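Listed here are the chains, written in short residue letters.
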Amino acid sequence: MLSEMEVKTSLLDNMIGVGDMVLLEPLNENSFIENLRKRFDHNEIYTYIGSVVISMNPYRSLPIFTPEKVEEYRNRNFYELSPHIYALADEAYRSLRDQDKDQCILITGESGAGKTEASKLVMSYVAAVCGKGQEVNKVKEQLLQSNPVLEAFGNAKTVRNDNSSRFGKYMDIEFDFKGDPLGGVISNYLLEKSRVCKQPRGERNFHIFYQLLSGASNDTLTKLKLDRDFSKYNYLSLDSATVNGLDDAASFRTVWNAMQIVGFMEDEVQSVLELVAAVLKLGNIEFKPESRVNGFDESRVKDKNDLKEMCELLGIEQSVLERAFSYRTVEAKMEKVSTTLNVAQAYYARDALAKNLYSRLFSWLVTRINESIKAQAKTRHKVMGVLDIYGFEIFEDNSFEQFIINYCNEKLQQIFIELTLREEQEEYIREGIEWTNIEYFNNAIICDLIENNQNGILAMLDEECLRPGTVTDDTFLDKLNTICAEHQHFESRLSKNSKFLTDHSLPHSCFRIQHYAGKVLYRVEGFVDKNNDLLYRDLSQAMYKATHSLMKQLFPEGNPAKVNLKRPPTAGFQFKASVGGLMRNLQTKNPNYIRCIKPNDKKAAHIFTESLVCHQVRYLGLMENVRVRRAGYAFRQSYESSLERYKMLCKQTWPHWRGAARDGVEVLLTDCSVPAEEFAYGRSKIFIRNPRTLFTLEERRRACLEDLATLIQKIYRGWRCRTQFLLLKKSQVVVAAWYRRYAQQKKYQKIKSATLVMQSFIRGWKARKILRQLKYEKRCKEAVTTIAAYWHGTQARMELRRLKTEARNKRAVSVIWAYWQGTKARRELRRLKEVARRKHAVAVIWAYWQGLQVRREYRKFFRANAGKKIYNFTIQRIMQKYFLGLKTTMPSMSPIDNTWPARPYMFLEGAHSELRRIFHFWRCKKYQGQFTEEKKAVYEEKLEASEIFKDKKALYPSSVSQPFKGDYLEIQKNPKYQKLNSAVEDKVLLADVVNKINRANGKGAPRLFLLTKNNFVLADQKTGQVKASVPLPDLTSVSVSTQSDGFFALKLKEGSASAAKGDFLLSSEHLIELITKLHRTGATAADRDQINIDISDEFLVQFNQDKVCVKFIQGGPKNGNSAACKRKNNRLLEVSVPSSP
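Rules and cut-offs
Residues numbered from 1 in each chain as written. Predicted model: local features only at pLDDT ≥ 70, side-chain atom pairs only at ≥ 80, totals over all residues. Heavy atoms only, no water. UniProt positions renumbered as here; feature names shortened; annotations may be inferred. Helix = DSSP H or I, 4+ residues; strand = E, 2+ residues; numbered from the N terminus. Contact = heavy atoms within 4.5 Å. Phe/Tyr/Trp six-rings, centres within 6.5 Å; stacked < 30°, edge-to-face > 60°. Buried < 20%, exposed > 50% of the residue type's maximum accessible area, 1.4 Å probe, protein only. Lys NZ or Arg CZ within 6 Å of the ring centre and 35° of its normal. Salt bridge = Lys/Arg side-chain N within 4 Å of Asp/Glu carboxyl O. Patch = residues over 30% accessible without salt bridge, like charges linked within 9 Å, V, L, I, M, F, W, Y side chains within 5 Å. Areas by Shrake-Rupley, 256 points an atom, 1.4 Å probe, with all protein chains shown as cover. Polar contact = N/O pair within 3.5 Å; in protein donor to acceptor, adjacent residues only side chain to side chain. Axes fitted to C-alpha atoms, helices over the stretch in contact; angles between N-to-C directions. Parallel < 35°, antiparallel > 145°, perpendicular 65-115°, else oblique. Left-handed = near helix turned anticlockwise from the far one by under 90°. Nonpolar A, V, L, I, M, F, W, Y, C, P; charged D, E, K, R; others polar.

1. Quick notes on the UniProt feature "binding site: ATP" (unreviewed entry) in the protein
(1) Moving on: Per the UniProt annotation, the sites labelled "binding site: ATP" (unreviewed entry) are Gly109, Glu110, Ser111, Gly112, Ala113, Gly114, Lys115 and Thr116.
(2) Moving on: Locating glycine 112 in the fold gives a position in the loop between β3 (103–108) and α5 (115–129).
(3) Moving on: Residue contacts for glycine 112: discarding those within four places in its chain leaves Asn57, Tyr59, Arg160, Asn161 and Lys598.
(4) Moving on: The residues contacting alanine 113, other than those within four sequence positions of it, are Ser55, Asn57, Cys596, Ile597 and Lys598.

Take a look at the structure:
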């Protein structure tokens, strides 16, 4: 039990400073800041205020976010370990999973305080501790990869932060009953779109512009008509174009991969990049004045090259956009008035268009990401919300953006105090502790000053923007001075309140509001324009006319058919409504707070600027939060944990307490003489009023633990020494026994060895003696044998010599006779040869003489051209022989037989080739003469199929040997289809059963497919009822893959009546024949365009209003022999095609 207790840790163990500000003693602003400094200097960046986490930005990497840390804080009590953001994330996740409570995590702080990183840490922790599985991992990856996309388009480098979020983000992560993520929904608030056109000195535009120019390939930049040089674009500031530590090229690749993981199609990514490039081009458009007859100046575009390139990117007619920059049309009921724009107004219109284009693109991105990451299941979900929103802002020059940001923080502070008090009150009531009202500053009066529907500043700003007449920022300030003069939190030099008339820190064009975090001076310049946020109707209509795929979605108000003369809602009204919705959403969830603090303005590690931290502590209301938590009891702990921690302080509870935990705590506190007013007993927890009491218990516990440690060491050392002695004694006995055994074994081995040596010597001596006797006997036998052999040999040799002498005498006679006979034969041969040579010489001489006589006799009968005639005769004979031979070696009559007899002579080369060509044409003509019209049409279809699909689709070779039948249903003969046959007026060219693919699940439903000269029909297979009849002129193209599947898409003309429900995705076993007949029918009609055949492994199909990508991949053997279609997400159908054998 002791070891188990010592393993457990607590927030109070090894504490640097105070881990929970509620326990800080004494409590004042100086001690609060000093405690933060002490912990920051020791790399303790997290501190608690009850359940609130204070996070200090360390501006460097710390080894406290490893997977081991995740496991350390997993399923641990909130106060069990030292303060960490993982503890808060784990508490929120376990409450959601186990108690079925929806959670929200509110992350606030000024720019550079680490809010974005904190939200990433929360999401990464939740992703690490929730369930595993292919689908779950895919959802987690999509949720995490949505961050890089939103950061690229919504974050920018500022003087305070290199990756500052310039928009507010709230993400609802949805979980199932097991705690596994199902999806999410992202809401964005107030993108700082003014940054698109102008950035303060030392800051950059949004990251995506620099990432695109740095990381995109040369081909991509060429398509987007862009150059890598930042200086060529007016909207990009050059003094901070490159930032140390930011690799824009690598970030672009990260964003590209993240968009693909989230579910963006390639054409959607290209469309987004085209809009980003269009914004850059828009900033380069400049204007010049041009005088008119009426004396007014009219704006004209200086250099139309950038305008032309932008129009090409968006698909807009250049003249339409150029006119929108020069004229403005105002509509009032049935009247239209067109006015010219001067140069200043043209620049205003250009910047307004750029800001609206980028902000609407950002909103479209958020919507598109939501489509991909939203939960598919229809059951009830548990929700964890993560809010990463701007902190309170006080600059030297505060404008409309700071006003509404600070308004949002006022609302968050209000809900923070309300929920904190409510949480405290609920715990007191739950534990049975008497609740006393706590005095605190209620900032509802400030919220009412801003948002009151009658006299609020936002309401008066909207009223000023909407009223007729001359409206300026000064008239707005006059209205504020009239209505809000008596409000205790509003200050202005021109108000009726005389005490501010001599306040020189308050300029005439400004007003000041006393927020909960301090007084903020607002300059009214630009309030009216920024609240109006107007985009001229001419520009909206010009954008709507663009052929770009996204423009009609981004500028729906530009539709001429839906002209709305009602003024659009103002920026302030929209933000107020979105903040109200956010507050209502947060009210329904259990809140968890992370307050982020920036330690210095230099973005450097190890620097703690006390004045800056003090300023943030004030406007975050942290001291107010501590006071609320300490108003009752500063510390509370469950009876079990308290007894486990302090039981060693009382002899009755140490080491084990057998009764109830509460009874043990009561005995413990009584024994420790703790005053009764310092604590209270709840139903499940002990409440301690003063931190000093807790620290006294901790000191006594620490001293007691030292005594216990000494006792444990003493007992352990005695046990260790005795154990070592017994081990040595036992070892000595074992060693002695083993040695005696070893000595006896060695002695036995020596005796045994000596015995074996003696035995071997005796046996050797006996063996050698026997061997000598045997060798002697053997030598005697061999001597007798040798003598007898020599004697027999001598006798045999004497007899051999006698026989050889007789044989030599007989052979000598034979040899002499043979030599004599040879000599006589050679002499006779020489004589006969001489006689033969003489006879041959006479015959040769006689033949030559006869020839000479004949030539002399007949020379007078030969003409001069006798040689030519002989040559012609010879040639005729050769030709005759050639033709007769060709007759017998002629090839077959098949047109595909390429054999031909070899050429016998070189001079026949031309004739040989020409005869081959004539013969081939002749037999082709004979072969064609055998065709009927029907057979000819079939071969023409086969030829057209070859032109369309040969070497393009893997299914084609298997279709060559199959005849094109056309009517596979025998619709004319089958009585089942008589009703369907009567419904079709023209002749049926093809009738077959196809499968219509369902978008929802990728499964097919059988349909009858009928093709006539004018239309194609889809009918139900069972009933024969016509489901769809589409005229062929409405069919624009057919898409198929390159693989061996039977899937094809029939794409219909946009706007036609047939395209109301979108395109058709079908599959057929006779794909080659079906598409060939479709193409052939379209090609023979003179009144319509030819149908295009698109062969690609990835194409888009229009289903209702959505475009879905159909992607073909090679599948394994497990998929069987047929292609299988599976829905991957809302915009992707994946067809797995079995690999060819």
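2. Notes on the packing of aromatic side chains
(1) Moving on: Considering all chains together, one arrives at 30 aromatic pairs under this definition.
(2) Moving on: Between phenylalanine 206 and tyrosine 358, the ring centres sit 5.0 Å apart and the planes meet at 20°, which makes this aromatic pair stacked. Taken as a pair, phenylalanine 206 in the loop between β7 (181–189) and α7 (207–215) and tyrosine 358 in helix α13 (residues 343–373) lie far apart in primary sequence, 152 residues in all.
(3) Moving on: Between tyrosine 882 and phenylalanine 883 the ring centres are 5.3 Å apart and the planes differ by 55°, which places this aromatic pair in the tilted class.
(4) Moving on: Looking at phenylalanine 883, the relative accessible area reads 42%, which means it is partly exposed.
(5) Moving on: In textbook terms, an aromatic cluster arises when at least three aromatic residues are bridged by ring pairs, as seen for Phe400, Phe403, Phe476, Phe490, Phe511, Tyr522 and Phe527.
(6) Moving on: Over the face of the ring belonging to tyrosine 327 we find arginine 323, whose NZ or CZ atom lies 4.4 Å from the ring centre.
(7) Moving on: Over the ring of tyrosine 544 we find lysine 552, and its NZ or CZ is 5.3 Å from the ring centre.

3. A few points about the pattern of salt bridges
(1) Moving on: Scanning all chains against the criterion turns up 47 salt bridges.
(2) Moving on: Here glutamate 29 ties to arginine 618 by a salt bridge, and the two come within 3.0 Å at their closest N and O atoms. Of this pair, glutamate 29 sits in helix α2 (residues 29–41) while arginine 618 sits in helix α22 (residues 610–619), and the two are 589 residues apart along the sequence.
(3) Moving on: Judged by its relative accessible area of 48%, arginine 618 is partly exposed.
(4) Moving on: Close ionic contact of glutamate 834 with arginine 837 constitutes a salt bridge, the shortest N to O distance being 2.7 Å. Here arginine 837 and glutamate 834 lie together in helix α26 (residues 691–858), a separation of three residues that amounts to about one turn.
(5) Moving on: In this structure glutamate 834 comes out as partly exposed when scored by relative accessible area, which is 32%.

4. A word on a nonpolar patch on the surface
(1) Moving on: Residues Tyr927, Val938 and Tyr939 make up a contiguous nonpolar surface patch of about 250 Å² in total accessible area.
(2) Moving on: Looking at where valine 938 falls in the secondary structure, it is placed in helix α29 (residues 933–949).

5. Details of unusual backbone geometry
(1) Moving on: Cis geometry is found at the peptide bond from glutamate 25 to proline 26, where omega equals 0°.
(2) Moving on: Mapped onto the secondary structure, proline 26 falls in the loop between α1 (2–7) and α2.
(3) Moving on: One non-glycine residue with positive phi stands out, namely asparagine 43, at about 60°.
(4) Moving on: Assignment of secondary structure puts asparagine 43 in the loop between α2 and β1 (46–49).
(5) Moving on: Asparagine 43 sits in the partly exposed class, given a relative accessible area of 35%.
(6) Moving on: Even without being a glycine, asparagine 75 presents a positive backbone phi close to 55°.

6. Topic: the side chain of serine 164
(1) Moving on: Mapped onto the fold, serine 164 is located in strand β5 (residues 164–165).
(2) Moving on: Since its relative accessible area comes to 2%, serine 164 is described here as buried.
(3) Moving on: At a separation of 2.7 Å, a polar atom in the side chain of serine 164 contacts the side chain of arginine 166.
(4) Moving on: Contact partners of serine 164, with chain neighbours within four places excluded, come to Ser111, Gly154, Asn155, Ala156 and Thr158.

7. Quick notes on the packing of α5 against helix α6 (residues 134–154)
(1) Moving on: Closest axis-to-axis distance for the α5/α6 pair is 10 Å, and the angle between their directions is 165°. Relative to α6, α5 is oriented roughly antiparallel. The hand of the α5/α6 crossing is left-handed. Residues Thr116, Lys120, Met123, Ser124 and Ala127 of α5 lie in contact with α6, whose contacting residues are Lys140, Leu143, Leu144, Asn147 and Glu151.
(2) Moving on: Looking at the contact of α5 with α6, its residues break down into four nonpolar, three polar and three charged.

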